[in-house]
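# Per-entry structural report
So the chains spell out like this:
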Amino acid sequence: VYYSNGDDIKFFARVELGRSGGIPDVAAFTIILYCLFIVTFWNSKQESEALILIASGMISFFSINPYLIQLVYWRIHMIEKQRRSCTLLSQ
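Only a predicted model underlies this, so the values are computations on that prediction, with no experimental measurement involved. (Residues numbered from 1 in each chain as written. Predicted model: local features only at pLDDT ≥ 70, side-chain atom pairs only at ≥ 80, totals over all residues. Heavy atoms only, no water.)

### Thoughts on the overall build of the chain
- Within the chain, the regular secondary structure consists of three helices and zero strands.
- Each helix and strand of the chain, ordered N terminal to C terminal, gives the series α-α-α.
- Over its C-alpha trace the chain gives a radius of gyration of 20 Å, far above what one expects of a compact globule, namely 12 Å for 91 residues.
- Counting only residues that meet the buried cut, the chain has 13% of its 91 residues in that class.
- When contacts within the chain are restricted to residue pairs at least 6 apart in sequence, long-range pairs at least 24 apart make up 56% of them.
- Mean positive and mean negative side-chain charge positions of the chain (8 and 7 charges, respectively) differ by 10 Å. (Helix = DSSP H or I, 4+ residues; strand = E, 2+ residues; numbered from the N terminus. Rg over C-alpha atoms; globule rule 2.2 N^0.38 Å. Buried < 20%, exposed > 50% of the residue type's maximum accessible area, 1.4 Å probe, protein only. Contact = heavy atoms within 4.5 Å. Lys, Arg positive; Asp, Glu negative; His and termini not counted. Charge placed at Lys NZ, Arg CZ, Asp CG, Glu CD.)

Now the structure itself:
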């Protein structure tokens, strides 16, 4: 059984929050989309509340979804790395 420690979290933060990480890209993409969204619906009618809620939900889903898919590959990579290190230690 693998137990995480602070080094794992530091490594994740260094990789994902760095210049080539996924989190800053997702945040920038989401901010740009929401700015375009606000400009599009700036002077909309009062009857369009449902459309605004649906559009904001779609923006949230499609901006965070690529990052969530990437996390699955991250987890698989970490599990394989842990198995390799356990195999090397047992030999």
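### As for the environment of threonine 30
- Tracing the chain through its elements places threonine 30 in helix α2 (residues 22–40).
- Sequence separation between threonine 30 and isoleucine 64 is 34 residues; the distance between their C-alpha atoms is 7.9 Å.

### So, the packing of aromatic side chains
- Counted under the stated rule, the structure contains three aromatic pairs.
- Geometrically, the ring pair formed by tyrosine 34 and phenylalanine 37 is edge-to-face, given 6.0 Å between the ring centres and 90° between the ring planes. Within this pair, tyrosine 34 and its partner phenylalanine 37 are both found in helix α2, separated by three residues, close to a single helical turn.
- A relative accessible area of 11% places phenylalanine 37 in the buried class.
- These aromatic residues form a ring-pair network of at least three members: Tyr34, Phe37 and Phe41. (Phe/Tyr/Trp six-rings, centres within 6.5 Å; stacked < 30°, edge-to-face > 60°.)

### Focus on the side chain of serine 56
- Positionally, serine 56 belongs in helix α3 (residues 49–90).
- Those residues in contact with serine 56 that sit more than four places away from it in its chain are Tyr34 and Phe37.

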